[in-house]
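Listed below, chain by chain, are the residues.
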Amino acid sequence: MKIGIIAAMSSERKQLTGLLSDVRTEHHGRYDYCTGHLNGNTLYIMECGIGKVNAAVGTTELIMNIRPDAIISTGVAGGIDATIGVMDVVYGTQVVYHDVWCGTGNAYGQIQGLPPVFNGHETLAKAAATIHCESNIHGGLICSGDKFITNRAEMETIKTQFPKGLAVDMESGAIAQVCYLYGIPFISFRIISDTPFADGHWAQYKGFWDTLADRSFGVIRTFLNSLPQTL
């Protein structure tokens, strides 16, 4: 398969590129793509930038220029459930916006005229659920919005609206929406870098990149190696 991998930050893209063989760089539109092979699939890795607009623009260009068979949003996220710890992995069986309200007649988080939540692709989710690695793997709801969650109060507000939420990020919702509109199989696969309900949350996030990122991103290789060559 031809698989598009979307990361928000250069630090994430660098980690992902190191997983590939036969790496080269291609330029299409306004983006550079690191492309290579893993387990019989051809991967195109792009860095979209942080936030929903960057994610939506990047996903649209990826679809238009690369024509992928599937798209995976990966990188880091915050864990917003007591069962989730740093270095755990959450894959999105569902993705929702935590910062959208279109008024009466719509669910909180729902863009009017679109589903209340965006479902992860079943085959991609199954691949994520069945990998074996040192990290704890959780499937569930990922909540997205244009805000880096920095404290317990913000996390509790999201958990009130979405009690089943496991992780929070700034891109998965927009990528999921674009993939829904274009009919592209999609899943968000995220390593937990921090937990907003913990004391010393910012130090926790910084510490992840200083000491844990190299080891943690190996789980993404395991996931990508588990993907089928057709959907």
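Residues numbered from 1 in each chain as written. Predicted model: local features only at pLDDT ≥ 70, side-chain atom pairs only at ≥ 80, totals over all residues. Heavy atoms only, no water.

**Q** Explanation requested: the pairing of strand β2 (residues 21-28) in the structure shown.
**A** The two faces of a sheet get side chains in turn, since along a regular strand they alternate between them. Pairing geometry for β2 and strand β3 (residues 31-38), over six bridges, is antiparallel. Bridged to Ser21 within β3 is His37. Linking two consecutive strands that pair antiparallel, namely β2 and β3, is a turn of two residues; a positive phi of about 60° is found at Gly29 within it. (Pairing = 2+ DSSP bridges. Helix = DSSP H or I, 4+ residues; strand = E, 2+ residues; numbered from the N terminus.)

**Q** Would you take a moment to explain the pairing of β3 for this structure?
**A** By the criterion of burial, β3 is predominantly enclosed, with six of the eight residues buried. Sheet topology places β3 next to strand β4 (residues 41-47); five bridges connect them, and they run antiparallel. Paired with Thr35 across the bridge in β4 is Tyr44. Linking β3 to β4, which pair antiparallel, is a turn of two residues; within it Asn39 sits at a positive phi near 55°. (Buried < 20%, exposed > 50% of the residue type's maximum accessible area, 1.4 Å probe, protein only.)

**Q** So what exactly am I meant to see when it comes to the nonpolar core here?
**A** Soluble globular proteins tend to pack their nonpolar side chains together in the buried interior. Residues Ile72, Phe189, Ile220, Phe223 and Leu224 are the most contacted members of the largest nonpolar core, which totals 33 residues. Secondary-structure elements contributing two or more residues to this core are β1 (2-7), β3, β4, β5 (70-79), β6 (89-97), α3 (122-129), β10 (186-194) and α7 (218-225). Discounting chain neighbours no more than four positions away, the residues touching Phe223 are Ile72, Leu124, Ala127, Ala128, Ile131, Ile187 and Phe189. Core analysis: the next-biggest nonpolar cluster, separate from the first, contains 30 residues, Cys48, Ile66, Val90 and Ile192 among them. (Core = buried A, V, L, I, M, F, W, Y, C linked by side-chain atoms within 4.5 Å. Contact = heavy atoms within 4.5 Å.)

**Q** It is not clear to me how a nonpolar patch on the surface should be interpreted in this structure. Could you clarify?
**A** Taken together, the side chains of Met64, Tyr180, Leu181 and Tyr182 make up a nonpolar region of the molecular surface, amounting to roughly 420 Å² of accessible area. Considering each element in turn, the nonpolar patch owes the most residues, three residues, to helix α5 (residues 172-182). Relative to the elements of secondary structure, Tyr180 occurs in helix α5. Accessibility expressed as a relative area gives 46% for Tyr180, which makes it partly exposed. (Patch = residues over 30% accessible without salt bridge, like charges linked within 9 Å, V, L, I, M, F, W, Y side chains within 5 Å. Areas by Shrake-Rupley, 256 points an atom, 1.4 Å probe, with all protein chains shown as cover. Salt bridge = Lys/Arg side-chain N within 4 Å of Asp/Glu carboxyl O.)

**Q** Where do I start with the pattern of salt bridges in this structure?
**A** Two side chains of opposite charge can pair, provided their charged atoms sit close to one another. What the rule picks out here adds up to six salt bridges. Of the charged contacts, one joins Lys52 and Asp99 as a salt bridge, the two residues approaching to 3.0 Å between their closest N and O atoms. Here Lys52 is found in helix α2 (residues 52-66), whereas its partner Asp99 is found in the loop between β6 and β7 (118-119), with 47 residues between them in sequence. Here Lys52 falls in the buried class, since its relative accessible area comes to 16%. Arg190 is the partner of Asp169 in a salt bridge, and the nearest nitrogen-oxygen pair spans 3.3 Å. Highlighted residues: Asp169 in strand β9 (residues 165-169) and Arg190 in strand β10, separated in sequence by 21 residues. Classification of Asp169 as buried rests on a relative accessible area of 4%. Within this structure, Asp169, Glu171 and Arg190 form a network of salt bridges that share partners.

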